[in-house]
Amino acid sequence: MNKLSFKKIVLCSLVFLPVVTSAQEAVLDLTLEKAIEIALAENPTIKVADKEIELKKVADTEAWQALLPTVSADLGLQHSIQVAAIKTAMGEFKMGMDGSTTATGGVSLSLPLFAPAVYQNMRLTKEDILLSQEKARGSRLDLVNQVTKAYYGVLLSKDSRDVIEKSYNVSKENYDVVNSKYEAGRVSEYDKITAEVQMRNMHSSVVGAETGLSLAMLQLKVLMGIDTDITLNVNDSLKAYETLLTLENASVVPAEISNNSTLRQLDHNRSLLERTRKLLRTNFMPTLGMQLTGQYSSYSNDNWNLFKYSYSPSSTLSFGLSIPLFQASNWTKLKNNRIQLSQLNDTRENTYRQISMAAESYRQNMIKTISKIESDREAVRQANKAVVISSKRYEVGRGTILELNQSETALVQTELSYSQSIYDYLQNKADLDYTLGRE
């Protein structure tokens, strides 16, 4: 028996419709909303994007921690074998005692008082977090788009399979009727052969449609991040979405284009570059720091017993001001930053144009598809009527088997075209929603 992971069992049993398991397989009842929710919970791409945000938050914490004091302890032991001497006209003076030991121990505290680079780096990490969050949002939008189109692909394959299977059943019934008439001597062998060929052709089409449905199901499972041995039960049809096909869905508000994830990422990158420019300018600013040091020292000891030494304390408080005067690379880095900003602005302008063109293309396709669907709907009605008429004509001997087969083939083609039109609309709508960054 195949087992789901604990997380998947909880997800599918509590959040979604129950998963019915048997000794051979696990069956999951699926809708579009559930497919998207499972994908967002299980797809590794989303998990990676969320962990990237966590890494950026850790980097942000590390940035402001640079303003905290730094404390360190130092212990030292020095044994002088022979100390240096200073020779002057007045004589020779030793700088200590030969064979003596010096012990020192101290604690040092350092604190930055004015560190402009740290301040700018803190703001830079916050911009980086916003960029990571937008990238995660873009990953979610992309996954939702892929899962939505894959789900519609499953519905198209399923509806096509149903249409072809229904046509196969009709052609099989026609063959049985023609065969019985042939055995009774009422029709020619040509009619029998034609009906049999039609039936076998439709059987081959049924097999192909089943294969296409299996591949569409497999693609959807991969995007959802679930095991391929789980059976998906999709009680849905493209015709159920016919009422959603409106021109309102095809409208494009100019402000929505700026909500595109790619554009928003470029905007965040521009903010990062502008913040980086301010960070580079801190290379021309002074920094001020403070250091407090406390120390115990013992000099000129003639033994190694540290606990018997005579120690004397000392402490110092110092302030350090570092003023950069000249470093040629600082000017080069600023120039490089200006070029990157200009390059990014050109990229954003070009991207905005491409996105606007893509959104308009999807909108036009949706509008055209709506008019095509109305024509296909009428074509299906007329094709059904033609099948009924050709069947009656053949029964009374006024029509031929060729007319009957042609009417059935035309019905299959119109029904497939009708489903394809609905699918095209939904595909364009999914792409439009993704392009406009609609959640």
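Here the structure is shown first, and the text comes after it.
### Thoughts on a positive patch on the surface
A grouping of Arg123, Lys278, Arg281, Lys335 and Arg338 is seen on the molecular surface, where their side chains present a positively charged patch. Listed by contribution, the elements that provide at least two residues to the positive patch are α7 (261-281) and α8 (328-395). The topology assignment puts Arg123 in helix α4 (residues 116-183). With relative accessibility at 41%, the residue Arg123 sits in the partly exposed group.

### Quick word on the side chain of Asn337
The residue Asn337 is located in helix α8 in this model. Apart from the residues lying within four places of it in its own chain, the contact partners of Asn337 are Leu273, Thr276, Arg277 and Leu280.

### A short note on a nonpolar patch on the surface
Taken together, the side chains of Leu77, Tyr296, Trp304, Leu306, Phe307 and Tyr311 make up a nonpolar region of the molecular surface, amounting to roughly 740 Å² of accessible area. Looking at the element boundaries, Phe307 is found in the loop between β8 (287-301) and β9 (312-322).

### Concerning the layout of surface pockets
Its volume calculated, the largest pocket comes out at about 440 Å³. In this structure, the largest pocket is lined by 20 residues; those nearest its centre are Ile36, Val144, Thr148, Asp433 and Arg438. Residue assignment for the lining of the largest pocket shows that the elements contributing at least two residues are α2 (32-42), α4 and α9 (401-435). For the lining of the largest pocket, the element with the most residues is α4, which contributes seven residues. Its residues assigned to classes, the lining of the largest pocket shows ten nonpolar, three polar and seven charged.

### Concerning the packing of aromatic side chains
Per the counting criterion, the structure on display carries five aromatic pairs. Members of the aromatic cluster, connected to one another through ring pairs, are Tyr151, Tyr152 and Tyr241.

### A word on the packing of helix α3 (residues 44-64) against α4
Two quantities define a packed helix pair, namely the angle between the helix axes and the distance between the axes. Close contact between α3 and α4 brings their axes to 9 Å; oriented N to C, the two are set at 170°. One way to sum up the angle between α3 and α4 is to call them roughly antiparallel. Tallied by class, residues from the contact of α3 with α4 come to eleven nonpolar, six polar and eight charged.

### Describing the environment of Ser171
For Ser171, the position within the fold is in helix α4. Sequence-wise, Ser171 and Met199 are 28 residues apart; in three dimensions their C-alpha atoms are separated by 5.1 Å.

So, how was this worked out
- Residues numbered from 1 in each chain as written.
- Predicted model: local features only at pLDDT ≥ 70, side-chain atom pairs only at ≥ 80, totals over all residues.
- Heavy atoms only, no water.
- Patch = residues over 30% accessible without salt bridge, like charges linked within 9 Å, V, L, I, M, F, W, Y side chains within 5 Å.
- Areas by Shrake-Rupley, 256 points an atom, 1.4 Å probe, with all protein chains shown as cover.
- Salt bridge = Lys/Arg side-chain N within 4 Å of Asp/Glu carboxyl O.
- Lys, Arg positive; Asp, Glu negative; His and termini not counted.
- Charge placed at Lys NZ, Arg CZ, Asp CG, Glu CD.
- Helix = DSSP H or I, 4+ residues; strand = E, 2+ residues; numbered from the N terminus.
- Buried < 20%, exposed > 50% of the residue type's maximum accessible area, 1.4 Å probe, protein only.
- Contact = heavy atoms within 4.5 Å.
- 1 Å grid on protein atoms, 1.4 Å probe; cavity = no way out; pocket = protein on both sides within 12 Å on 5 of 7 lines; lining within 4 Å.
- Points joined across faces, edges and corners; volume = space filled by probe spheres on them.
- Nonpolar A, V, L, I, M, F, W, Y, C, P; charged D, E, K, R; others polar.
- Phe/Tyr/Trp six-rings, centres within 6.5 Å; stacked < 30°, edge-to-face > 60°.
- Axes fitted to C-alpha atoms, helices over the stretch in contact; angles between N-to-C directions.
- Parallel < 35°, antiparallel > 145°, perpendicular 65-115°, else oblique.

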